[in-house]
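# Understanding the architecture of this molecule
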Amino acid sequence: MRRRDFIALIGAATTWPLTARAQRPAMPIIGFLDPTSLEKYKPFVLAFHNGLREVGFLEGTNVVIEYRWAEGHYDRLPKLAADLARLPVAVIVATGITATRAAVAATATIPIVFNTGGDPVKFGLVHSLNKPGGHVTGVASLGKTLVAKHLELIHEVIPKGDTLVFVVNPNNAVAALDTGDVQTAAGSLGQRLIVVNASTENDIDAAFKSAVERRASALLMQLDPFFQSRQDQFVSLATRLGIPMVSYWRDFASAGGLMSYGTSLSDALRLVGTYTGRILKGEKPSDLPVQESVKIEFVINLRTAKSLGLNVPATLLARADEVIE
């Protein structure tokens, strides 16, 4: 073989793998839209990855994920959603009603998989749970229906507590609906409800100050991503000011809140992951019924109860999934 031919052959063999790689089909891209931050949402992102893995997808291997975090600034969500739609992505995952509405406004064609604590039919995201229609489906937790349970739990532990503070984020798309639900539930139990708006860290401080000034028996809050991301602040204030606090998230109770009662967000995000993977494989959102995440986690922090001078009934302790002593 002539030297010139040999060099040409070696050159072709060297460039062939690069050409082959260039001809491989591009990996699908998932857009992940969340109102909070990776720092606060990391455990649930891992649960989402577990769901993807169940249906054969692994980030960096056969799928790419573009994350967009609003860092608690809900007004950023529309721009972040539009950014994902322009990439474009194959699917958008949106956590919470406000993020989902931003995604729906950004695209009428890209499939959207949501996780929300509210009724997606009531909020206009899907036509029905069994037949979503359109390009949107996802997982609905029981969150918004659990507020009455929070009030009942407070009544069991503090039977004479008739004044409660409810903290709501006015930037949440369903703030008014949530407030109406909790007011109805409080009225049925004969409890006086003080509604306090909070959309910043300073507002949360002010909400606790209001609870102290009005001698509230306990404080509870809206199911809201920003509030969830401010766990340390909520728990620190409740502990320092001696205010019984009930939330949806078990981490709040584990960190020092009195009680938590809510659906497992990790379980919900795992289900979101499986649906996202199924859509990547070709299934249509309109054919995938909205799943309901029904795994309930009830946690009582008995150490906190004792520090507050509260006696938790043995019957209530027996019903808890976890009692922190």
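My aim in this report is to walk through the structure given alongside it, one point at a time. These numbers were taken from a predicted model, which means no experiment stands behind them.

Criteria and cut-off values
- Residues numbered from 1 in each chain as written.
- Predicted model: local features only at pLDDT ≥ 70, side-chain atom pairs only at ≥ 80, totals over all residues.
- Heavy atoms only, no water.
- Helix = DSSP H or I, 4+ residues; strand = E, 2+ residues; numbered from the N terminus.
- Buried < 20%, exposed > 50% of the residue type's maximum accessible area, 1.4 Å probe, protein only.
- Contact = heavy atoms within 4.5 Å.
- Areas by Shrake-Rupley, 256 points an atom, 1.4 Å probe, with all protein chains shown as cover.
- Lys, Arg positive; Asp, Glu negative; His and termini not counted.
- Charge placed at Lys NZ, Arg CZ, Asp CG, Glu CD.
- Salt bridge = Lys/Arg side-chain N within 4 Å of Asp/Glu carboxyl O.
- Phe/Tyr/Trp six-rings, centres within 6.5 Å; stacked < 30°, edge-to-face > 60°.
- Pairing = 2+ DSSP bridges.
- Axes fitted to C-alpha atoms, helices over the stretch in contact; angles between N-to-C directions.
- Right-handed = clockwise from strand over helix to strand, strands pointing away.
- Polar contact = N/O pair within 3.5 Å; in protein donor to acceptor, adjacent residues only side chain to side chain.

## With respect to the overall build of the protein chain
A tally of helices and strands in the protein chain yields 13 helices and 13 strands. Going through the 325 residues of the protein chain one by one, you find that 52% of them count as buried. A fraction of 73% describes how many contacts in the protein chain between residues 6 or more apart in sequence connect residues 24 or more apart. Working note: accessible area of the protein chain is about 15,200 Å², and carbon and sulfur atoms make up 52% of it. For the protein chain, the centre of its 33 positive side-chain charges and the centre of its 30 negative side-chain charges are spaced 6 Å apart.

## Points about the pattern of salt bridges
The final tally for this structure, using the stated rule, is 11 salt bridges. Of the charged contacts in the structure, one is a salt bridge between E156 and R319, with a shortest N-O distance of 3.0 Å. You can see E156 sitting in helix α5 (residues 147–157) and its partner R319 sitting in helix α13 (residues 314–319), a full 163 residues away along the chain. Look at E156 and you get partly exposed, because its relative accessible area is 29%. The partner of E297 in a salt bridge is R250, with the nearest N and O atoms 3.3 Å apart. Separated by 47 residues along the polypeptide, E297 in strand β12 (residues 296–301) and R250 in helix α10 (residues 250–255) bring together distant segments of the chain. For E297, a relative accessible area of 15% gives the class buried. Members of the salt-bridge network, linked through shared partners, are E54, D267 and R270.

## Here's the deal with the packing of aromatic side chains
Inspection of the entire model under this criterion finds 14 aromatic pairs. Grouping aromatic residues by their ring pairs yields a cluster made of F208, F226, F227, F234, Y248, W249 and F252.

## Observations concerning the sheet that holds strand β3 (residues 91–95)
Spatially, six strands are ordered β2-β1-β3-β4-β5-β11 in an open sheet, and the strand pairing comes out parallel. The open sheet has two free edges, formed respectively by β2 (64–69) and β11 (291–293), since each of these has just one partner strand. On average, each strand axis in the sheet is tilted by 20° relative to the strand beside it, whichever way the strands run. Across four bridges, the pairing between strand β1 (residues 29–34) and β3 is parallel. Directly across from F32, in β3, lies its bridge partner V93.

## Details of the pairing of strand β4 (residues 112–116)
Across the five residues of β4, five count as buried, placing the element largely inside the fold. Of the two faces of β4, both are covered, the one formed by I112, F114 and T116 as well as the one formed by V113 and N115. In terms of strand pairing, β3 meets β4 through four bridges, oriented parallel. The partner of I92 across the bridge, within β4, is I112.

## Overview of the pairing of β2
Pairing of β1 with β2, which is carried by six bridges, proceeds in the parallel orientation. When the bridges of β2 are listed, I29 appears paired with V64. Assessed by its sense of winding, the connection that carries the chain from β1 through helix α2 (residues 38–54) to β2 is right-handed.

## Notes on the environment of Y67
In this structure, Y67 sits in strand β2. Accessibility expressed as a relative area gives 23% for Y67, which makes it partly exposed. Through-space distance from the C-alpha of Y67 to that of D34 is 8.1 Å; in sequence the pair is 33 residues apart. Other than its neighbours up to four places away in sequence, Y67 contacts F32, V45, H49 and E59. In terms of polar contacts, Y67 uses its side chain to reach the side chain of E59, at 3.3 Å.

## Let's talk about the sheet that holds strand β8 (residues 218–221)
Judged by pairing direction, the sheet is mixed, and its seven strands sit side by side in the order β7-β6-β8-β9-β10-β12-β13 without closing on themselves. In the strand order of this sheet, the two ends are held by β7 (192–197) and β13 (322–324), each with one partner. Between one strand axis and the next, the sheet turns through 20° on average, direction left out of account. Across the sheet, α5 is in contact with β6 (163–168), β8, β9 (245–247), β10 (259–263) and β12; its angle to β10 comes to roughly 155°.

## Overview of unusual backbone geometry
Of note, the amide linkage connecting L87 to P88 takes the cis form, showing an omega dihedral of -5°. Relative to the helices and strands, P88 is located in the loop between α3 (77–86) and β3. For E71, which is not a glycine, the phi torsion comes out positive at approximately 55°. The topology assignment puts E71 in the loop between β2 and α3. For E71, a relative accessible area of 46% corresponds to the partly exposed category. Look at R215: it is not a glycine, yet its phi comes out positive at around 55°. Relative to the helices and strands, R215 resides in the loop between α7 (201–213) and β8.

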